[in-house]
Amino acid sequence: MAKAATQFACTDCGYSAGRWFGKCPSCGAFGTLEEASQAPTAAARATLRLVDVEAEEAERIPTGVSELDRVLGGGLVPASLVLVGGEPGVGKSTLLLSALSSMSAARRCVLITGEESPAQVKLRAERLGGAAEVEILPETELEAVCATLEEARPEVCVIDSVQTLYSSELGSAPGSVAQVREAASRLLRVAKEAGIAIFLVGHVTKDGAVAGPRALEHLVDTVLQFEGDRYHEHRVLRAAKNRFGSTNELAVFEMTGAGLVGVPEPSELFGRSADGEVGAAVACALEGSRPILLEIQALVAPTDLAMPRRVGTGVDPKRLAMIVAVLSRHARLALGQADVFVNVAGGVRIDEPGADLAIALAIASAAKGAPLKPGLAAFGEIGLTGRLRPAAQAERRVEECTKLGLQAAVVPAGTAARGKLRILEADTVRKAAGAAIDAGRAEGG
């Protein structure tokens, strides 16, 4: 038998080396490298052909929250590991407690809490309408949590939060990189072997990313991200990763006294704009299988700065800078000495290129001091040459605009769309602005 090699591993970041260091070369911590014996190489295993692998399609578990089911891809997959991240107070625990309350009517559900006492959880459950059948365990020791899950074998488990778990085998504090990695690895093994669907609540950094090692997001099957300001009533839930469904789905929730309530028609909420407003346009974006109307607001103001500002809230700043450059060059708008501010109403973030045209029209309206024609929506991608490119699934976008009561839509030339809307086609961004802006209502015009 080969002699086991000695390795020294950092208890904070997991860095390993063949010799001891006083200071970890990776994270810079002092005295964190501890000796760990490395097992000899295992014997080779026989491989399998994919054609010989038996795969059973498990029936998804409905969570009782339709908007959550939408983002998950149709429901919760048994034996899956789902990570839910978001700002403090955004509603992660509230949403998952509501889901547990619904699922506990027909399935055994366990809530493992490391941040709140059972009395606090009960008070929240009573505000949400009750969750009498949900079992609760206040525990932070990883070994005890895994042993409980293996013995009880519930169908669904929520762990709030993964950063509070710690393993006594590691010397680092709870929430450290090594502890979070170890907790995720063990819980993944328990979920697959015992067939338990586990929700992990994760903390986020000041930049909005999930705290802990990047390996945490690689290990889990699904990563859900809660967006929205906790001081506002609306929240957006997105899937950043989903091994069992699309990552383009979006769910909108409203925070009420009875918890988070799904908004089935977000276009009614975010797509309403007042006629005659300068710098406002309605974009028809596509989030997964759902078209959604969003109000885009723009402000163009003279600046005394040498470098004018391009500030975007809810849009990609690089995409905004490109649109401003295209408008300056191909639509002949004087934006070189002006600050440009763009905001997506309602706090929604949009990354789809199909919203480019609406952003450009809002900026053009603000620059010319003229509102867009009433009852108008827009969708299409803008190229660096100023040419417009058709957006995907135009028929569904037009249907959504018609349902909201809009009268016309500005689209790229060649868009295959039929409906009751009046379709205004344009092949360049300059022609699109000319077709959309109400020239008769320009300031002083």
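Reading guide: rules and limits
Residues numbered from 1 in each chain as written. Predicted model: local features only at pLDDT ≥ 70, side-chain atom pairs only at ≥ 80, totals over all residues. Heavy atoms only, no water. Helix = DSSP H or I, 4+ residues; strand = E, 2+ residues; numbered from the N terminus. Buried < 20%, exposed > 50% of the residue type's maximum accessible area, 1.4 Å probe, protein only. Contact = heavy atoms within 4.5 Å. Areas by Shrake-Rupley, 256 points an atom, 1.4 Å probe, with all protein chains shown as cover. Lys, Arg positive; Asp, Glu negative; His and termini not counted. Charge placed at Lys NZ, Arg CZ, Asp CG, Glu CD. Core = buried A, V, L, I, M, F, W, Y, C linked by side-chain atoms within 4.5 Å. Phe/Tyr/Trp six-rings, centres within 6.5 Å; stacked < 30°, edge-to-face > 60°. Disulfide = S-S within 2.5 Å. Expected span 1.5 Å × (residues − 1). Pairing = 2+ DSSP bridges. Axes fitted to C-alpha atoms, helices over the stretch in contact; angles between N-to-C directions.

A. Looking closely at the overall build of the protein. Secondary structure assignment for the protein yields 11 helices and 21 strands. With the principal axes as the frame, the protein shows a C-alpha extent of 85 × 55 × 50 Å. Looking at the protein as a whole, 47% of its 445 residues are labelled buried. Across the protein, every contact between residues at least 6 apart in sequence was considered, and the portion connecting residues at least 24 apart equals 66%. With an accessible surface of roughly 21,500 Å², the protein has 51% of that area assigned to carbon and sulfur atoms. Across the protein, the centroid of the 47 positively charged side chains sits 7 Å from that of the 54 negatively charged ones.

B. Expanded view of the environment of Val145. Within the element layout of this structure, Val145 appears in helix H4 (residues 142-152). Along the primary structure Val145 and Tyr15 are separated by 130 residues, whereas in three dimensions their C-alpha atoms are 26 Å apart.

C. Focus on the nonpolar core. Counting 54 residues, the largest nonpolar core has Ile296, Leu327, Val342, Ile359, Leu361, Ile363 and Val410 as its most contacted members. Residue contributions to this core peak at 9 residues, all from helix H9 (residues 356-368). With near-sequence residues (within four places) excluded, Leu361 lies in contact with Leu372, Ala378, Val410, Ala432, Ala433 and Ala436.

D. Quick peek at the packing of aromatic side chains. Counting across every chain of the model gives 1 aromatic pair. Ring centres of Phe226 and Phe253 lie 6.2 Å apart, and the angle between their planes is 55 degrees; this geometry places the pair in the tilted category. Placement of Phe226 in strand E9 (residues 222-227) and of Phe253 in strand E11 (residues 250-256) is noted, with a sequence separation of 27 residues between them. Of the two residues examined, Phe226 and Phe253, each falls in the buried class.

E. Inspection of the state of the cysteines at higher detail. Under the defined criterion, the tally for this structure stands at 0 disulfides. Free of any disulfide, Cys109 has its nearest cysteine sulfur in Cys157, 9.3 Å distant. The exposure class of Cys109 is buried, given its relative accessible area of 1%.

F. How the structure looks around the environment of Gly86. Here Gly86 shows up in the loop between strand E4 (81-85) and helix H2 (92-103). Relative accessible area serves as the criterion here: at 3%, Gly86 is assigned to the buried category. Taking the C-alpha atoms as reference points, Gly86 and Leu286, separated by 200 residues in sequence, lie 23 Å from one another. The contact partners of Gly86, leaving out residues within four places of it in the chain, are Lys92, Gly202, Val204, Gln225 and Phe226.

G. Representation of helix H8 (residues 317-330). Its 14 residues give H8 an end-to-end C-alpha distance of 20 Å, which sits within 8% of 20 Å, the value for a rise of 1.5 Å per residue. On its buried face, H8 is in contact with strand E15 (310-313), strand E16 (338-344), H9, strand E18 (381-382) and helix H11 (429-436). At the exit of H8 stands Arg332, carrying a positive phi of roughly 60 degrees.

H. Spatial organisation of the sheet that holds E4. Read from one edge to the other, the open sheet built from 9 strands follows the order E6-E5-E7-E8-E4-E9-E10-E11-E12, with strand pairing classed as mixed. A single partner strand is all that each edge strand has here, and the edge strands are strand E6 (135-138) and strand E12 (259-262). On average, adjacent strands in this sheet sit at an angle of 25 degrees to one another, irrespective of strand direction. As defined by bridge partners, strand E7 (residues 156-160) adjoins strand E8 (residues 197-202) across 5 bridges and the pair is classed as parallel.

I. Local environment of the sheet that holds strand E21 (residues 422-426). With mixed pairing, 7 strands are arranged side by side in an open sheet as E15-E16-E14-E13-E17-E20-E21. The sheet is open, and its two borders are formed by E15 and E21, each paired with just one other strand. Put simply, the sheet's adjacent strands are angled 25 degrees from each other on average, direction ignored. Bridge count for strand E13 (residues 280-287) against strand E17 (residues 376-378) is 2 bridges, and the pairing is parallel.

Fair warning: the whole summary comes from geometry, so function is off the table for now.
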